[in-house]
Amino acid sequence: MTQLSPTPRSTLTRYRERAATDRQALYDLLDEAMICHVGLVLDGSPVVLPTGFGRDGDTLYFHGSTGSRNMRAAASGVDVCVTVTLLDGLVYARSLNNHSMNYRSAVVHGRAEAVTGREAKLRALRAITDHLTPGSWDHAREVNARELAGVTVLALSLAEASVKTRRGEPGDDQEDLGNHAVWAGVLPVRTTFGEPVPAAYHPAGAPIPDHVAGRAGRTQSRTGPLDGSR
């Protein structure tokens, strides 16, 4: 699939010009973000769960304990909605009504399926690990049978998804453009990784592996170009 194919649930109703049509925009957003929110209805009440995730092609993976009621509900064939958002900037306008945010967001609809079988589960868990902590799969102790049995891994197709983006300067009203006493512009927002902090039980002076140390000081999210409008 190369294009996002809107459905009644995934079609934007406001600011439709902000909708992405290229499926690569969805991939880029998911590959950069680290937290998603999984929404479902449990016992008649809405529940939204923040969790880490990983992507392999057109499949999104997330996991949790086999003892989790939320995970069991999500695997039961009910409709779920997964959202991901990256905040790129706070937009200051000359009127409060035109203040905004620069962001990239995705909404995925579908029904999650439990991943079964040892090899399939390990592949899904590796996708999550490689996304959140790249390098750890080959560095840390491998998953043992008890741990594998205690985790539920869910797969969600990315077939029904939308991507919405806002970038650029504030969109002030014509009558406010001459009011130079009020500042207007964008305050970029970036997430950066700090210096690694070894565990208290780690031997003093032990080297930090490259796959951890190499992320220090790097920026997670990128701010888009200052083009477009509100």
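Calculation criteria
- Residues numbered from 1 in each chain as written.
- Predicted model: local features only at pLDDT ≥ 70, side-chain atom pairs only at ≥ 80, totals over all residues.
- Heavy atoms only, no water.
- Helix = DSSP H or I, 4+ residues; strand = E, 2+ residues; numbered from the N terminus.
- Buried < 20%, exposed > 50% of the residue type's maximum accessible area, 1.4 Å probe, protein only.
- Contact = heavy atoms within 4.5 Å.
- Areas by Shrake-Rupley, 256 points an atom, 1.4 Å probe, with all protein chains shown as cover.
- Lys, Arg positive; Asp, Glu negative; His and termini not counted.
- Charge placed at Lys NZ, Arg CZ, Asp CG, Glu CD.
- Core = buried A, V, L, I, M, F, W, Y, C linked by side-chain atoms within 4.5 Å.
- Polar contact = N/O pair within 3.5 Å; in protein donor to acceptor, adjacent residues only side chain to side chain.
- Pairing = 2+ DSSP bridges.
- Salt bridge = Lys/Arg side-chain N within 4 Å of Asp/Glu carboxyl O.
- pLDDT = per-residue confidence, 0-100.

A.B. asks: Account for the overall build of the chain, with residues named and values stated.
C.D. replies: When helices and strands are tallied, the chain shows 6 helices and 10 strands. A principal-axis box enclosing the C-alpha atoms of the chain has dimensions of 65 × 50 × 35 Å. Here the chain holds 230 residues, and the buried ones make up 36% of them. Expressed as a percentage of contacts within the chain between residues at least 6 apart in sequence, the contacts between residues at least 24 apart total 74%. For the chain, the exposed area adds up to about 13,200 Å²; of that, 54% sits on carbon and sulfur atoms. A distance of 4 Å separates the average location of the 25 positive side-chain charges in the chain from that of its 25 negative side-chain charges.

A.B. asks: Can you lay out the nonpolar core for me, pointing to particular residues and giving the numbers?
C.D. replies: Residues Leu 26, Phe 53 and Phe 62 are the most contacted members of the largest nonpolar core, which totals 29 residues. For Phe 53, the contacting residues outside a window of four places in its chain are Leu 30, Ala 33, Met 34, Ile 35, Cys 36, Leu 60, Tyr 61, Phe 62, Val 84, Ile 128, His 131 and Leu 132.

A.B. asks: Give me the lowdown on helix α1 (residues 23–32), citing residues and values where you can.
C.D. replies: Turning to α1, its buried residues number three or more, namely Arg 23, Leu 26, Tyr 27, Leu 29, Leu 30 and Glu 32. For α1, the secondary structure elements touched by its buried residues are β3 (54–56), β4 (59–65), β5 (80–92), β6 (100–110), α3 (118–132) and β9 (160–166). Sitting at the amino-terminal end of α1 is Asp 22, which places a side-chain oxygen 2.9 Å from the backbone nitrogen of Gln 24.

A.B. asks: How would you explain the pairing of β9 if you had to name every residue and give the values?
C.D. replies: Where a strand is regular, its side chains alternate between the two sheet faces. Most of β9 sits inside the fold, with 7 of its 7 residues counted as buried. Where burial is concerned, the two faces of β9 agree: the one with Glu 160, Ser 162, Lys 164 and Arg 166 and the one with Ala 161, Val 163 and Thr 165 are both buried. In this structure, β6 lies alongside β9, joined through 7 bridges in antiparallel fashion. Counted as the bridge partner of Ala 106 is Val 163 from β9.

A.B. asks: Describe the pairing of β4, naming the residues involved and giving the relevant values.
C.D. replies: Two elements, β3 and β4, share 3 bridges in a ladder whose sense is antiparallel. Across the sheet, Asp 56 pairs through a bridge with Thr 59, a residue of β4. If you look at the hairpin formed by β3 and β4, you'll find 2 residues sitting between the two strands, and Gly 57 has a positive phi there, around 65°. With 7 bridges connecting them, β4 and strand β8 (residues 151–157) associate as antiparallel partners. Counted as the bridge partner of Phe 62 is Leu 154 from β8.

A.B. asks: Give me the pattern of salt bridges: which residues, what numbers.
C.D. replies: The tally for this structure, following the rule as stated, stands at 13 salt bridges. Here Asp 88 and Arg 104 are joined by a salt bridge, their closest N and O atoms 2.7 Å apart. Within this pair, whereas Asp 88 is found in strand β5, its partner Arg 104 is found in strand β6, the two being separated by 16 residues in sequence. A single network of salt bridges, built from pairs that share partners, joins Arg 9, Asp 79, Arg 111 and Glu 160.

A.B. asks: Could you give me a rundown of the environment of Pro 196, with the residues and numbers involved?
C.D. replies: Among the secondary structure elements, Pro 196 is positioned in the loop between β10 (185–188) and α6 (210–213). It is 10.0 Å that separates the C-alpha atoms of Pro 196 and Gly 217, two residues lying 21 residues apart in sequence. In this structure Pro 196 touches Ile 208, Val 212, Ala 213 and Ala 216, once residues within four positions along its chain are discounted.

A.B. asks: Let's hear about the environment of Pro 209: which residues, and what values?
C.D. replies: Its location among the elements puts Pro 209 in the loop between β10 and α6. We classify Pro 209 as partly exposed; its relative accessible area is 27%.

A.B. asks: Explain the side chain of Ser 105 residue by residue, including any values.
C.D. replies: The topology assignment puts Ser 105 in strand β6. Under the relative-accessibility criterion, Ser 105 is labelled buried at 15%.

A.B. asks: Can you break down the confidence of the model for the chain residue by residue, with the values?
C.D. replies: Summarising the model, the chain shows a mean pLDDT of 92, and 95% of its residues fall at 70 or more. The lowest-confidence element of the chain is helix α2 (residues 69–74), averaging 94 in pLDDT; the highest-confidence one is β10, averaging 98.

A.B. asks: Outline the sheet that holds β4, supporting the account with residue identities and numerical values.
C.D. replies: Pairing is antiparallel in the open sheet, where 4 strands are placed in the order β3-β4-β8-β7. Taken across any chain shown, the strands that pair with only one partner, and hence form the sheet edges, are β3 and β7 (113–114). Across 2 bridges, β7 lies against β8 in antiparallel orientation. Counted as the bridge partner of Ala 114 is Leu 154 from β8.

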